[in-house]
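# Observations on chain architecture
Listed below are the residues making up each chain.
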Amino acid sequence: MDKGMVKLAPSILAADFAHLGKQVGEAEQAGADRIHVDVMDGHFVPNLSMGAPIVQSLRRATRLPLETHLMISDPDFFLEEFVEAGSDSLLIHWEGNNNLHRTVQRVKALGKRVGVVINPATPASVLEEILQDVDQVLVMTVNPGFGAQHFIHTTLPKIRRVREMIDEIKPGCDLEVDGGIDATTAPLTVDAGANVLVAGSAIFGASEGVAAAMKRLGAGANQKKM
Ligand code: DX5
Ligand code: ZN
């Protein structure tokens, strides 16, 4: 188990796009570890969001690593485009990818960090043969496609299993969780073994503001590490 501080990855899906640079700047100031960019194609998930031009603009607005969560069919068609736009890591879903190993190797060949994502109904066991090749695992704690959904509590035992697998097979691999993460659910995921938390509405949708929301989220999460 990683004894370092829990890292926060604010998801811009919940940001005010008219003030994106400013909001990301606030998150950077407040200690964000990376910025999470949710890409949706209306096919892999029933929603549309953003593409590489947003990454390109963000690249000029922040020094933080940009991680790109590809909720799209045929991610292989877009790897180069996102890397050229400035993505530092690409997160690829296990679901629907018949050649996941190839996709993972292609991201590595592009010199970027690579993560594999599993949906709530997908068991931890599918990671067994790919874990050694990745830098992070993202466990979805909601069904992907929308922000501000309710955390699915039955994903907690799976997070524990993934933590055990990482400690055994690939120590140092990040274990990230995404969906419904707030001050109440964050400590549960950290207790189960997560070390990176994606949060959209709990950060950019918080009435107290980005900095205060991140402080609260980080404090609750890190209490579990002590
Ligand atoms: C959901 C996305 C998430 C989303 C999380 O499909 O992958 O990254 O932005 O939003 P919240 O934190 O509001 O659940
Ligand atoms: Zn995401």
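In case you missed it, the structure is sitting above this.
Calculation notes
- Residues numbered from 1 in each chain as written.
- Chains lettered and ligands numbered in written order.
- Predicted model: local features only at pLDDT ≥ 70, side-chain atom pairs only at ≥ 80, totals over all residues.
- Heavy atoms only, no water.
- Helix = DSSP H or I, 4+ residues; strand = E, 2+ residues; numbered from the N terminus.
- Polar contact = N/O pair within 3.5 Å; in protein donor to acceptor, adjacent residues only side chain to side chain.
- Contact = heavy atoms within 4.5 Å.
- Donors = N, O, S within 2.8 Å, 3.2 Å for Na, K, Ca; no water.
- Tetrahedral: all angles 85-135°; square planar, octahedral: opposite > 155°, others 65-115°.
- Buried < 20%, exposed > 50% of the residue type's maximum accessible area, 1.4 Å probe, protein only.
- Core = buried A, V, L, I, M, F, W, Y, C linked by side-chain atoms within 4.5 Å.
- Near = heavy atom within 4 Å.
- Areas by Shrake-Rupley, 256 points an atom, 1.4 Å probe, with all protein chains shown as cover.
- 1 Å grid on protein atoms, 1.4 Å probe; cavity = no way out; pocket = protein on both sides within 12 Å on 5 of 7 lines; lining within 4 Å.
- Sits in = over half its atoms within 2 Å of the grid points.
- Pairing = 2+ DSSP bridges.
- Right-handed = clockwise from strand over helix to strand, strands pointing away.
- Axes fitted to C-alpha atoms, helices over the stretch in contact; angles between N-to-C directions.
- Parallel < 35°, antiparallel > 145°, perpendicular 65-115°, else oblique.
- Left-handed = near helix turned anticlockwise from the far one by under 90°.
- Nonpolar A, V, L, I, M, F, W, Y, C, P; charged D, E, K, R; others polar.
- Expected span 1.5 Å × (residues − 1).
- Arc of directions from axis to C-beta.
- Points joined across faces, edges and corners; volume = space filled by probe spheres on them.

Here Gln23 is to be found in helix α1 (residues 20–29). Within the structure, the side chain of Gln23 is placed 2.9 Å from the backbone nitrogen of Asp16, a separation counted as a polar contact. In this structure, Gln23 is in contact with Ala15, Asp16, Phe204 and Val210, ignoring residues within four places of it in sequence.

What follows is about the coordination of the zinc ion (ligand 2). Distances from the zinc ion (ligand 2) to its protein donors, His36 (NE2), Asp38 (OD), His69 (ND1) and Asp178 (OD), fall within 2.1 to 2.3 Å. Geometry at the zinc ion (ligand 2) is octahedral, judged from the 6 donor atoms that bind it and their angles of 71 to 169 degrees at the metal. In primary sequence terms, the donor set of the zinc ion (ligand 2) follows H-x1-D-x30-H-x108-D. Taken as a pair, His69 in strand β3 (residues 66–71) and Asp178 in strand β7 (residues 174–178) lie far apart in primary sequence, 109 residues in all. No difference in accessibility class separates His69 from Asp178, as the two residues are buried.

Among the nonpolar cores identified, the biggest contains 60 residues, and Ile12, Ile35, Val134, Val137 and Leu197 are the most heavily contacted of them. The leading source of residues in this core is helix α5 (residues 156–169), at 5 residues. Grouped together as the second largest cluster of nonpolar side chains are 8 residues, Ala9, Val117, Met140 and Val142 included.

The local shell around ligand 1 holds 20 residues, among which Ser11, Gly145, Asp178, Gly200 and Ser201 are the closest. In the model, an oxygen atom of ligand 1 is placed 2.8 Å from a nitrogen or oxygen of the Ala148 main chain. At a separation of 2.8 Å, an oxygen atom of ligand 1 approaches a polar backbone atom of Gly180. Protein burial of ligand 1: of its 380 Å² of free accessible surface, 99% is covered by the chains. Assessed atom by atom at 2 Å from the grid points, ligand 1 resides in the largest pocket. Elements supplying a minimum of two residues to the shell around ligand 1: β2 (35–40), β3 and β8 (196–199).

Moving on, we get to the pairing of β8. Working note: regular strand, side chains alternate between the two faces of the sheet. Residues Val196 and Val198 of β8 are buried on one face, and the alternating residues Leu197 and Ala199, pointing to the opposite face, are buried as well. In this sheet, β8 lies alongside strand β1 (residues 7–10) in parallel orientation, the contact comprising 4 bridges. Pairing of Ala9 across the sheet is with Val198, part of β8. By the bridge criterion, 3 bridges tie β7 to β8 in an arrangement that is parallel. From the neighbouring strand, Asp178 faces β8, where its bridge partner is Val198. Note that the unit made of β7, helix α6 (residues 186–192) and β8 has a crossover that is right-handed.

Let us look at the packing of α1 against helix α2 (residues 52–61). The geometry of α1 relative to α2 is characterised by a closest axis approach of 10 Å and an angle of 55 degrees between their N-to-C directions. When the axes of α1 and α2 are compared, the pair comes out oblique. Where α1 crosses over α2, the two elements pack in a sense that is right-handed. On α2, the residues that touch Leu20, Gly21, Val24 and Glu28 of α1 are Ile54, Leu58 and Ala61. A class-by-class count of the residues in the contact of α1 with α2 yields 5 nonpolar, 1 polar and 1 charged.

Further remarks concern helix α8 (residues 210–223). In a regular helix each residue adds 1.5 Å, so 14 residues correspond to 20 Å; α8 covers 20 Å between its end C-alpha atoms and thus fits that length. Taken residue by residue, α8 has Val210, Ala213, Met214, Leu217, Gly218, Ala221 and Asn222 as its buried positions. Projected down its long axis, α8 shows its buried positions confined to an angular sector of 145 degrees, all on one face. With respect to the buried face of α8, the exposed residues turned more than 90 degrees away are Lys215 and Gln223. Elements in contact with the buried residues of α8: β1, α1, α6, β8 and α7 (201–204).

So, on to the layout of surface pockets. Approximately 370 Å³ is the volume attributed to the largest pocket. Lining the largest pocket are 28 residues, with Gly147, Ala148, Gly179, Gly180 and Ser201 positioned closest to its centre. Elements with a contribution of two residues or more to the lining of the largest pocket: β2, β3, β8 and α7. Residue composition of the lining of the largest pocket, grouped by class: 14 nonpolar, 11 polar and 3 charged. Within this model, the second largest pocket holds a volume of roughly 210 Å³. Among the residues forming the lining of the second largest pocket, the class breakdown is 5 nonpolar, 7 polar and 4 charged.

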